[in-house]
Amino acid sequence: MKNITLDFIKGILYTYADLNTPDSNLSYKYEIIEMELEKDESIFLENQFQLPEECLFTIEDINFEEFQKSLNNWFFKNGEISNLQIDERREDNYIELFFNNLNDLIYIKNIKTVEFSYANEAYYELGIYYEYFFIEGDKNKYLVYFKYED
């Protein structure tokens, strides 16, 4: 049995964020934050990022494949790594390995994505481009997010 830790998963996320960050003011941030299983996701998100009341969002279920597609986009298609033109099969292997390591840590039961309303400008504090996911495990929930900002 593997002994995967939260620090190990964070290290992978930080590495991909660093590899994707160009030599400019644009920066990538990939993060995972542990939260208690019974905590309300909406309140946690609002408090974690000090979102104003006008920032409207919904939290919706997604399947594992949709999450893995987003992982592939953030790891290989959305930054400096995309310039390396890595073979698609290798990308898939890296995504599967990361997902399996994450699952070994969390024992994933459910994944939700956060959809922000763009009816107002309150979402600007989250970054230029971003995705937020809540992953429910057997003991805790985790907020995993990807963003780039200047």
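Cut-offs used in this document
Residues numbered from 1 in each chain as written. Predicted model: local features only at pLDDT ≥ 70, side-chain atom pairs only at ≥ 80, totals over all residues. Heavy atoms only, no water. Axes fitted to C-alpha atoms, helices over the stretch in contact; angles between N-to-C directions. Helix = DSSP H or I, 4+ residues; strand = E, 2+ residues; numbered from the N terminus. Parallel < 35°, antiparallel > 145°, perpendicular 65-115°, else oblique. Contact = heavy atoms within 4.5 Å. Nonpolar A, V, L, I, M, F, W, Y, C, P; charged D, E, K, R; others polar. Core = buried A, V, L, I, M, F, W, Y, C linked by side-chain atoms within 4.5 Å. Buried < 20%, exposed > 50% of the residue type's maximum accessible area, 1.4 Å probe, protein only. Expected span 1.5 Å × (residues − 1). Arc of directions from axis to C-beta. Phe/Tyr/Trp six-rings, centres within 6.5 Å; stacked < 30°, edge-to-face > 60°.

**Q** What am I meant to see in the packing of helix H1 (residues 6–20) against helix H3 (residues 64–77) here?
**A** Two measures define how a pair of helices packs: the angle their axes make with one another and the distance between the axes. Viewed as axis vectors pointing N to C, H1 and H3 meet at an angle of 45°, and their least axial separation amounts to 9 Å. When the interaxial angle is binned, H1 and H3 end up oblique. The segment H1 lies against H3, with Leu13, Tyr16 and Asn20 engaging Trp74, Phe75 and Phe76. Of the residues assigned to the contact of H1 with H3, the class counts are five nonpolar, one polar and no charged.

**Q** Which parts of the structure should I look at to understand the nonpolar core?
**A** Where a protein is soluble and globular, its nonpolar side chains tend to be buried together. Within the largest apolar cluster, 31 residues are counted, with the highest numbers of intra-cluster contacts made by Tyr30, Ile32, Phe67, Phe75, Leu102 and Phe146. Those elements giving two or more residues to this core turn out to be H1, strand E1 (27–36), H3, helix H4 (88–106), strand E4 (129–136) and strand E5 (140–149). Setting aside residues up to four positions removed in sequence, Phe146 forms contacts with Leu13, Lys29, Tyr30, Leu71, Trp74, Phe75, Tyr129, Tyr130, Glu131 and Phe133. By size, the runner-up hydrophobic cluster in this structure holds 15 residues, among which are Ile33, Phe44, Leu51 and Phe134.

**Q** Help me understand the environment of Asp92, please; the structure alone is not making it clear to me.
**A** Inspection of the secondary structure puts Asp92 in helix H4. Between the C-alpha atom of Asp92 and that of Gly11, which follows or precedes it by 81 residues, the distance is 19 Å.

**Q** Before we go on, may I ask you to explain H1 in this structure?
**A** An α-helix turns once every 3.6 residues. As a result, residues three or four positions apart point the same way. Over its 15 residues, H1 extends 21 Å from the first C-alpha to the last, a length consistent with the 21 Å expected when each residue adds 1.5 Å. What H1 keeps buried is the set Leu6, Ile9, Ile12, Leu13, Tyr16, Ala17 and Asn20. The arc that holds every buried residue of H1, seen down its axis, measures 130°, which confines them to one face. Facing away from the buried surface of H1 by more than 90 degrees, the exposed residues are Asp7 and Asp18. Lining the buried residues of H1 we find E1, H3, H4 and E5.

**Q** How should I be thinking about the packing of aromatic side chains in this particular structure?
**A** The description of two aromatic rings rests on the distance between their centres and on the angle between their planes. All chains considered together, the criterion is met by 26 aromatic pairs. Taking the centre distance of 5.0 Å and the plane angle of 80° together, the rings of Phe67 and Phe133 count as edge-to-face. On the criterion of sequence distance, the pair formed by Phe67 in helix H3 and Phe133 in strand E4 is long-range, its members being 66 residues apart. The exposure class of Phe133 is buried, given its relative accessible area of 1%. Measuring from ring centre to ring centre gives 6.1 Å for Phe76 and Tyr94, while their planes differ by 25°; the resulting arrangement is stacked.

**Q** Can you walk me through unusual backbone geometry in this structure?
**A** Trans is the common state for peptide bonds, and a negative phi is the common state for residues other than glycine. Although it is not a glycine, Gln50 adopts a positive phi angle of roughly 45°. Note on placement: Gln50 falls in the loop between helix H2 (41–48) and strand E2 (57–62). The exposed category is assigned to Gln50, whose relative accessible area is 59%. Within the chain, Tyr107 stands out as a residue other than glycine whose phi angle is a positive 60°. Structurally, the position occupied by Tyr107 is in the loop between H4 and strand E3 (110–116).

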